[in-house]
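What follows is each chain in one-letter form.
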Amino acid sequence: MVNEANDPAACTSATAFPARTIDCARGPAPKQDRSIRTKALVLRAAAELFAARGFRHTSVKDVADRVEMTKGAVYFHYPSKESLAVAVVEHHYARWPELLEEIREEGLAPLDTAAEMLNRAAVAFRDDVVVQAGARLQLERPEIDATLPTPYVDWTELLTGLLTAARDEGRLREGVEPAAAARSLVAGFFGMQHISDVLEHRADIVERWREVGGLMFFALRA
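The rules behind the values
Residues numbered from 1 in each chain as written. Predicted model: local features only at pLDDT ≥ 70, side-chain atom pairs only at ≥ 80, totals over all residues. Heavy atoms only, no water. Core = buried A, V, L, I, M, F, W, Y, C linked by side-chain atoms within 4.5 Å. Buried < 20%, exposed > 50% of the residue type's maximum accessible area, 1.4 Å probe, protein only. Helix = DSSP H or I, 4+ residues; strand = E, 2+ residues; numbered from the N terminus. Contact = heavy atoms within 4.5 Å. UniProt positions renumbered as here; feature names shortened; annotations may be inferred. 1 Å grid on protein atoms, 1.4 Å probe; cavity = no way out; pocket = protein on both sides within 12 Å on 5 of 7 lines; lining within 4 Å. Points joined across faces, edges and corners; volume = space filled by probe spheres on them. Nonpolar A, V, L, I, M, F, W, Y, C, P; charged D, E, K, R; others polar. Expected span 1.5 Å × (residues − 1). Arc of directions from axis to C-beta. Salt bridge = Lys/Arg side-chain N within 4 Å of Asp/Glu carboxyl O.

Asker: Got a minute to help me understand the nonpolar core in this structure?
Answerer: Soluble, globular proteins show a tendency: their nonpolar side chains are buried together. In terms of nonpolar packing, the biggest core is built from 38 residues, with W96, W155, L185, F189 and F217 touching the most fellow members. Listed by contribution, the elements that provide at least two residues to this core are α4 (81–104), α5 (110–127), α6 (129–139), α7 (153–168), α8 (178–200) and α9 (205–220). At nine residues, α5 tops the list of elements feeding residues into this core. In this structure, F217 is in contact with L111, A114, A115, L118, L185 and W209, ignoring residues within four places of it in sequence. Counting 28 residues, the second largest nonpolar core, distinct from the first, contains F50, V86, V130 and L148.

Structure representation (structure tokens):
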């Protein structure tokens, strides 16, 4: 049984990383296993292309060619390139509550939960093409005819809650203000991941975050 004081579920809102449903025209919901697999295959192909080329330089035909389907078959599942981009962004956002739930089950203290969330997010940015594509599409928001969620807000709110709980436990360095520290962590992590992407295509992101995160959490711990 997990001690409530060390249970991140007790120190973070139930709505941390709320579900992000973006207003956009969508294809029919698949009901058969084959259709579900096909839609997932199209989504992954779109994510790979968006991550590599960006929204502007990816077409529905490119996606169709990648999965060896006709454009009409792709349009059946995703009626526009915007709907493909929206689906990728929604799946990007869906990764984080899944990750948080995995870490909550380990019963870590709040400050350790914050550190582990960012450690595993670094791995996701390195290995998960949907996470990579979602990040690039967020940067290209002005080119996409859909209102995408404002990035970084959910991360800042989650980390603020965890750092507040750490302060209440006496595990945060005296004088550290949780909201300010959370904003600094978000800036440090996402700035680091952008630099890693530009310079090394994120191949070194885990190592670079170990450097940055090690310094930041050393400064935060009591």
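Asker: Can you help me understand the UniProt feature "DNA-binding region" (unreviewed entry) in the protein in this one?
Answerer: Using the residue numbers shown here, the UniProt feature "DNA-binding region" (unreviewed entry) corresponds to residues 59–78. Helix and strand shares over residues 59–78 are 70% and 0% respectively, and the end C-alpha atoms of the span are 12 Å apart.

Asker: Is there a simple way to explain the layout of surface pockets in this structure?
Answerer: Gaps left between atoms are located by rolling a probe of water-molecule size over the structure's atoms. Roughly 540 Å³ of volume is contained in the largest pocket. Lining the largest pocket are 25 residues; nearest its centre among them are A135, R136, L139, Q193 and R202. Of the residues contributing to the lining of the largest pocket, the split by class is 14 nonpolar, six polar and five charged.

Asker: Is there a simple way to think about α7 in this case?
Answerer: The periodicity of an α-helix, 3.6 residues per turn, causes residues three or four positions apart to be oriented the same way. When the terminal C-alpha atoms of α7 are compared, their 23 Å separation across 16 residues agrees well with the 22 Å that a helix rising 1.5 Å per residue should span. What α7 keeps buried is the set D154, W155, L158, L159, L162, L163, A165 and A166. One side of α7 holds all its buried residues, which, seen down the axis, span an arc of 155°. Along α7, the residues that are exposed and aim more than 90 degrees away from the buried face are E157 and D168. Buried residues in α7 make contact with α4, α5, α8 and α9.

Asker: What exactly am I supposed to notice about the pattern of salt bridges here?
Answerer: If charged atoms from side chains of opposite charge come close, those side chains can pair. Scanning all chains against the criterion turns up 17 salt bridges. When the shortest N-O distance is used, the salt bridge between R95 and D128 registers 2.6 Å. A residue pair is termed long-range when its members are at least 10 positions apart, and R95 in helix α4 and D128 in the loop between α5 and α6 qualify at 33 residues. For R95, a relative accessible area of 25% translates into the label partly exposed.

Asker: Teacher, can you tell me more about unusual backbone geometry here?
Answerer: Note: most residues except glycine have negative phi, and most peptide bonds are trans. Notably, H201 is not glycine yet its phi reads approximately 50°, a positive angle. Here H201 is to be found in the loop between α8 and α9. Note on H201: relative accessible area 68%, which makes it exposed. One non-glycine residue, R202, lies in positive phi territory at about 65°. On the secondary structure map, R202 appears in the loop between α8 and α9.

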